[in-house]
Amino acid sequence: MDWVQRSLVLPTHSLGFYPITQNILRELPEIQKVQTGLLHLFLQHTSAALTINENADSDVLEDLISGLDRLAPETASYRHIIEGKDDMPAHIKSSLFSVSLSIPVANGQLLLGVWQDIYLCEFRRIPHRRHLILTLQGIFQEVPKT
Amino acid sequence: MDWVQRSLVLPTHSLGFYPITQNILRELPEIQKVQTGLLHLFLQHTSAALTINENADSDVLEDLISGLDRLAPETASYRHIIEGKDDMPAHIKSSLFSVSLSIPVANGQLLLGVWQDIYLCEFRRIPHRRHLILTLQGIFQEVPKT
Amino acid sequence: MDWVQRSLVLPTHSLGFYPITQNILRELPEIQKVQTGLLHLFLQHTSAALTINENADSDVLEDLISGLDRLAPETASYRHIIEGKDDMPAHIKSSLFSVSLSIPVANGQLLLGVWQDIYLCEFRRIPHRRHLILTLQGIFQEVPKT
């Protein structure tokens, strides 16, 4: 049973869904050594989130963004407006999607479904540097899997 | 400290909430041996989800379904329509509810509340075979608890 | 590798977001001994939830509450009305926000972001006693960190 914990900074340029599966695999080559385990992701922010969704048709991502906009529209009336009209909707979206996510690992691979990819969801319009904590735990093999 | 990881295929026939707590307990009898631990559930799909909610009044499940329909209606305008008008709403609902869930385990039992049950939420109208990854970790007792 | 699991009762007086980070730290002083690990929180209820959001401006919490009210309004038509008109909206909000949450731990501290706090979200109008299961796992140091 082993643990690896690492921090990853992910720059975003504007509102959007950023695929981060490859960033995670590059940052944590130890995943390849895990026989059975779990990878936990945690985003240290309150106006962004993590999600898993479609990896093939980018229209799905566009529809997710506009679907969320309908749920937390900038045009609604908010008390917290000091950081811009996109800020409070971003807080609501962050809690709806969540900042904590776990993915099973087996035989050196994330057990994502065929159509699944991991996304950092940026809900603010201006560029940000988002901090992601990766915590990998499991039974590690002696010899790295290739 | 031990790990057990298993895959479970759950057939669905149409849109609805399917209680899966008993399926999980049957598939993972090792839960009965766990003194202290966690069970992680992961659904490998992007148009279905997992949730925990009321286990007594089935009206709650009906209201959850229609409540979600209001949040991601089929009548809204979407770009991704190639897989049917129920598909994009299903993607939105999947991210709102999430595909990753952990439940504490103690003395051989899932620590669910009195009114809680685990559900597979099928958001597509046509039948599917949904793949669930179960990852159990914890301190296992030597003698199975009865 | 060690495990600590504990139960915490949190009284609520009405609908609202209750900060619980300090309650958790008081209840689990073992967090201070964890070099690398994870804290899992699980709420044993179906009309309340857990979330992580802004810890500075309480207006954000008010806006989250009214933002959720727009998503699951008491004025909508529901089948499950026997427990009051705030009950079914509470079930919907519970599944939207989730009752399961994990937070990374390192060097004796929860790795929350600067603006993050953990909240118990009470969605019912009448007072409740909410049960939270805390499961801490990780590599524990021999000497407690001060």
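Parameters and conventions
Along each chain, the written sequence defines residue order, and numbers are assigned to residues from 1. Each chain takes a letter, starting from A, and each ligand takes a number, starting from 1, following the order in which they are written. Where local features are concerned, this predicted model is filtered to residues with pLDDT of at least 70; where side-chain atom pairs are given and counted, the filter is 80 or more; whole-chain, interface and lining totals use all residues. To obtain the side-chain values, all non-hydrogen atoms of the structure were included, while hydrogens and water were left out. Any pair of residues with heavy atoms lying within 4.5 Å of one another is described as a contacting pair. The term buried area means the drop in 1.4 Å probe accessible area that two parts suffer when joined, counted for both and summed. We define a salt bridge as a contact between a side-chain nitrogen of Lys or Arg and a carboxyl oxygen of Asp or Glu at a distance within 4 Å. We define a polar contact as two N or O atoms separated by no more than 3.5 Å, with the added condition that, inside protein, one atom must be a possible hydrogen donor and the other a possible acceptor, whereas residues neighbouring each other in sequence contribute only through side-chain atom pairs. Only DSSP runs of H or I with at least four residues qualify as helices, and only runs of E with at least two residues qualify as strands; both kinds are numbered from the N terminus onward. Residues are sorted three ways: Asp, Glu, Lys and Arg are charged, Ala, Val, Leu, Ile, Met, Phe, Trp, Tyr, Cys and Pro are nonpolar, and all the rest, Gly among them, are polar. Strand pairing is assigned whenever DSSP detects at least two bridges linking the two strands. Angles run from 0 to 180 degrees between N-to-C directions of axes, and those axes are lines fitted to C-alpha atoms, restricted for helices to the stretch in contact.

### Points about the interface of chain A and chain C
The partner chain C presents 34 residues to the 25 residues of chain A that form the contact. The contact between chain A and chain C buries some 2500 Å² in all, and 61% of this surface belongs to carbon and sulfur atoms. When residues of chain A are sorted by the area they lose upon contact with chain C, W3, R79 and S95 of chain A head the list and together hold 25% of the total. Our count for the contact surface shared by chain A and chain C stands at zero salt bridges. Counting every contact that joins chain A to chain C gives 12 residue pairs in polar contact (both at pLDDT 80 or more). At the level of secondary structure, the elements contributing two or more residues to the side of chain A that touches chain C comprise β1 (2-12), β3 (34-43), α3 (87-97) and β8 (128-140) of chain A. Ranked by residue count, the leading element in the side of chain A that touches chain C is α3 of chain A, at five residues. The residue makeup of the side of chain A that touches chain C, split by class, is 12 nonpolar, 12 polar and one charged.

### Thoughts on the sheet that holds strand β2 (residues 16-19) of chain C
All names here are of chain C. With antiparallel pairing, the three strands of this open sheet are ordered in space as β2-β7-β4. Of all strands in the sheet, those with a lone pairing partner are β2 and β4 (48-54), marking the two edges. Neighbour-to-neighbour, the strand axes of this sheet turn through a mean angle of 35°, independent of strand direction. Looking at chain direction, β2 and strand β7 (residues 116-122) are connected through four bridges and run antiparallel. The residue bridging P19 from the neighbouring strand is Y119, located in β7. Along the sheet face, helix α2 (residues 58-71) touches β2, β4 and β7 and points at about 140° away from the line of β2. Taken strand by strand, helix α3 (residues 87-97) contacts β2, β4 and β7, and its axis lies near 50° from that of β4.

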